[in-house]
Amino acid sequence: MATIIKSYEPTFWDKLYIPALVQGLLVTFKHLLRKKVTIQYPEEKLIPPEGYRGLHRLNKDANGRIKCVACDMCSAACPADCIDIIPGSSPWDDGKERYPVSFEIDLLKCIFCGFCEMACPEEAIELTEIYDFSDYTREKLIIDKDGLLDVYDKTKDKNYYSNSQNLTIKE
Amino acid sequence: MPLLKIDDLEIEVKNGTTVLEAALENGIDIPYYCYHPALEIVGSCRMCLVQVEGMPKLQVSCNTFVGEVPPERKVDGNFDMVVQTQNDLVIQERKNILEFLLLNHPLDCPVCDQAGECYLQDYSFKFGNAHSRFDEDKRVRPNEYLGSQIVINHNRCILCSRCTRFTREISGTSELFVDERGYSSKIAALEDRPLNNLLAGNVADICPVGALLSTDYVHKNRIWNLQKKSSVCQDCSVGCNIDAFYQKRKIFRLNPRENQDVNGYFMCDIGRYGFHRFEDLERVARPLFKSNGIFSEISWDTAIEKISNKFNGAEEKVAGVVSPFHTNETNFMLGRLIKGIIGTFPHIEDEEITYPSGFRISSDRSPNKRGMHDVCPSIVDDLASEINDKEIRVIYILDNEIDKEIDETWNKILTKMDFIVVQAYAMTRLAKSAHLILPGLAPFEREGTITNDQGRVQWLRSVLPNNGESRPDWEILNLLYKTGERFSDINELMKGMGEQFPSYSGMTFFKLGDQGLPLNGNLKT
Ligand code: SF4
Ligand code: SF4
Ligand code: SF4
């Protein structure tokens, strides 16, 4: 059984088009006077809220050495399986025995869940608020140890762990 | 037989069984550190405490023996012993013991190689406290080398004395001892008697914590990244059972696997570190044909055709060289294929070592000499003169000796040949002298059976995947047979081998299982 749908028949008033035009322009002028919601990216940048999870960094300790001890906790916790670490005996003979010879994160695989920073026993890996790191090839989006340490140098005034409330363990 | 009641379980045990053994055999988990089935009981870690009815204090279950008691002293008029392993008192006691063991322990699991397979970690997680009440500074000592391959991290040691008992009882060399007393005790070796015996690697395995470490594996990987496959060691004709731990295409370590009929719980360092020599070899990935002195890649079909052409019509004029390093299946296939003469490489004898515990390293450092002779009974003694007599011009060699020089005799044989085929996995010296190289599998890639010098057949399992276009060695030889004579798979081949050599009949991988079977008789049933 076919239903007959009557198509809309414009009235004379509609056919003038001017009232609709005025109506539309009213919306435009209303917003012209309000506060803007868009920003002029990339000249202006949005500051993400606290706890935002962006590009990773590998922290350095007080001596400027890499904090990571290559324990593989982060790669074990990573649901995307995108962290690849080759551990080795560290070249320093005081205290720290182990460090990552190579540390790579495949940013294309990463889902930015932050499990890696949760798992890290050394507070060595953190997700920063950097979100604009697109590139032209897949290879360039595999970030290595030096790259991750550079991110730390760029963001070292910030401590993302202390921002994150759910990391305080209640006794 | 005494009747023992552990928790709710009533079991009859042999007179003189310990409570711990009885519990473990029946699936009741009692934690322990110092007990090891191969070593003397010392009862020093106190982790295995249980409550025995009628005894005023908790007892160490590893050193409490069950025996028959007179009827009037039976508990409930029935049991010879009643043991509680899970009640509150026992659990609390485990907590206390762990608190003591962890007093000076650094809790550095993130950098410790034992993490993931550490009993201290596991039991602390299961029974221990989340916090330590010990506010004082922990005792810190530097790492020390006990031998060339073994490092000790004193801070992690719980002084269970397994390692010292191992060197006293198993290797009989007594290098390790507990130095000093009480709070200052530590495991040590004398400077002029380092832990350098050929069983030293085992102490790193039996250490229940991460105190003793093999320098070969230290900071190399994490146990949860590694996969494990059971296999057999191929470095001497004892054929110790092993577990190979690997990630992707690389083996990281070998550990001994228990087999009371072969190696007990241990393995020697020759085998333990032997896998390294197969790393970073110049591998052969595709069949190579030499023309004008230069090797070029050819397809499998062409390679097989070239060999068949040489063999056809001149079957009697072909010599085959089998190898004690290859599996029974591969040797059998070559032995059956070659109608001329079958020979093998001259045999290298090394030192035979037997330890007081009975652990043996055979003088024959090849895994399958016995099996090779079993499945190729026609091996000639003097290959060179036989080749002369029969005017052999074509030779097919199974090569496995990556570091071997070609000696005079071999040089003489090779220069006489019109056509040399070498089945190899790496560019050995012998392979370089060949006209045609067929890529087979490396030792940890092979699957098949090997027979140790006691006549025990064991299942050699492949651990790593094949490399490039290389193929299983028996399969390569299979291609050289006429279509009707080929085997469809390795199981068929084993059946065929059994038909020809009755001592191997009835053998299947499934029957051999993890522990292997002796040749005489048991294979058939
Ligand atoms: S943020 Fe999540 S997905 Fe990305 S590396 Fe860390 S754990 Fe892996
Ligand atoms: S969890 Fe932390 S210390 Fe461990 S490997 Fe990852 S970043 Fe390094
Ligand atoms: S080094 Fe290991 S095996 Fe030796 S006493 Fe210490 S914990 Fe036990």
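Refer to the structure presented above.
Description of the structure in this document. Model, not experiment: these values are computed from the prediction.

### Some points on the overall build of chain A
No. 1: The number of helices and strands found in chain A is 6 helices and 5 strands.
No. 2: Its helices and strands in sequence order give chain A the pattern α-α-β-α-β-β-α-β-β-α-α, from N to C terminus.
No. 3: Computed over the C-alpha atoms, the radius of gyration of chain A is 26 Å, more than 25% above the 16 Å expected from 2.2 N^0.38 for a compact globule of 171 residues.
No. 4: Along the longest, intermediate and shortest principal axes, the C-alpha atoms of chain A span 90 × 50 × 45 Å.
No. 5: The 171 residues of chain A split such that 32% are buried.
No. 6: Taking the intrachain contacts of chain A between residues at least 6 apart in sequence as the baseline, contacts between residues at least 24 apart amount to 69%.
No. 7: Within the structure as shown, chain A displays about 12,600 Å² of accessible surface, and the carbon and sulfur contribution to it stands at 57%.
No. 8: Averaged over its 22 positive side-chain charges, chain A has a centre that lies 9 Å from the centre of its 28 negative ones.

### Structural notes on the nonpolar core
No. 1: Core analysis: the biggest nonpolar cluster contains 81 residues, and Leu4, Tyr33, Leu120 and Phe444 of chain B have the highest contact counts within it.
No. 2: Leaving out residues up to four positions away in the same chain, Leu120 of chain B has contacts with Tyr33, Leu98, Leu101, Leu102, His105, Ile158, Pro208 and Val209 of chain B.

### Description of the pattern of salt bridges
Residue and element names in this part refer to chain B.
No. 1: The tally for this structure, following the rule as stated, stands at 27 salt bridges over all chains.
No. 2: Arg272 is the partner of Asp205 in a salt bridge, and the nearest nitrogen-oxygen pair spans 2.8 Å. Of the two residues, Asp205 is situated in helix α5 (residues 201-206) and Arg272 in helix α6 (residues 269-272); the sequence distance between them amounts to 67 residues.
No. 3: The salt bridge partner of Asp374 is Arg370, with a shortest N-O separation of 3.9 Å. Here Asp374 pairs with Arg370, and both are found in helix α9 (residues 369-375), just 4 residues apart, close to one helical turn.
No. 4: Note on Arg370: relative accessible area 35%, which makes it partly exposed.
No. 5: Through salt bridges with shared partners, a single network forms among Asp205, Asp269 and Arg272.

### Some remarks on a positive patch on the surface
Residue and element names in this part refer to chain B.
No. 1: Residues Lys317, Lys390, Arg393, Lys412 and Lys416 make up a contiguous surface patch of positive charge.
No. 2: By the element assignment, Arg393 lies in the loop between α10 (383-390) and β20 (394-398).
No. 3: Note on Arg393: relative accessible area 34%, which makes it partly exposed.

### Some points on the packing of helix α2 (residues 88-101) of chain B against helix α3 (residues 119-127) of chain B
Two measures define how a pair of helices packs: the angle their axes make with one another and the distance between the axes.
Residue and element names in this part refer to chain B.
No. 1: Look at α2 against α3: their axes get within 10 Å of each other, and the N-to-C directions meet at 130°. On the basis of their axis angle, the class for α2 and α3 is oblique. When you trace α2 past α3, the crossing you get is left-handed. Touching Ile91, Arg94, Lys95, Leu98 and Leu101 of α2 are Leu120, Tyr123, Ser124 and Phe127, all from α3.
No. 2: Residues that form the contact of α2 with α3 fall into these classes: 6 nonpolar, 1 polar and 2 charged.

### Thoughts on the sheet that holds β20 of chain B
Residues and elements named next belong to chain B.
No. 1: In space, the 7 strands of this open sheet follow the order β15-β14-β22-β21-β20-β16-β17, with mixed pairing throughout. In this open sheet, the two edge strands, each paired with only one partner strand, are β15 (294-297) and β17 (341-344). Averaged over all pairs of adjacent strands, the angle between strand axes in this sheet comes to 20°, irrespective of strand direction.
No. 2: In this structure, strand β14 (residues 288-291) lies alongside strand β22 (residues 436-439), joined through 2 bridges in antiparallel fashion. Bridging across to β22, Phe289 finds its partner in Leu436.

Procedures and definitions
Residues numbered from 1 in each chain as written. Chains lettered and ligands numbered in written order. Predicted model: local features only at pLDDT ≥ 70, side-chain atom pairs only at ≥ 80, totals over all residues. Heavy atoms only, no water. Helix = DSSP H or I, 4+ residues; strand = E, 2+ residues; numbered from the N terminus. Rg over C-alpha atoms; globule rule 2.2 N^0.38 Å. Buried < 20%, exposed > 50% of the residue type's maximum accessible area, 1.4 Å probe, protein only. Contact = heavy atoms within 4.5 Å. Areas by Shrake-Rupley, 256 points an atom, 1.4 Å probe, with all protein chains shown as cover. Lys, Arg positive; Asp, Glu negative; His and termini not counted. Charge placed at Lys NZ, Arg CZ, Asp CG, Glu CD. Core = buried A, V, L, I, M, F, W, Y, C linked by side-chain atoms within 4.5 Å. Salt bridge = Lys/Arg side-chain N within 4 Å of Asp/Glu carboxyl O. Patch = residues over 30% accessible without salt bridge, like charges linked within 9 Å, V, L, I, M, F, W, Y side chains within 5 Å. Axes fitted to C-alpha atoms, helices over the stretch in contact; angles between N-to-C directions. Parallel < 35°, antiparallel > 145°, perpendicular 65-115°, else oblique. Left-handed = near helix turned anticlockwise from the far one by under 90°. Nonpolar A, V, L, I, M, F, W, Y, C, P; charged D, E, K, R; others polar. Pairing = 2+ DSSP bridges.

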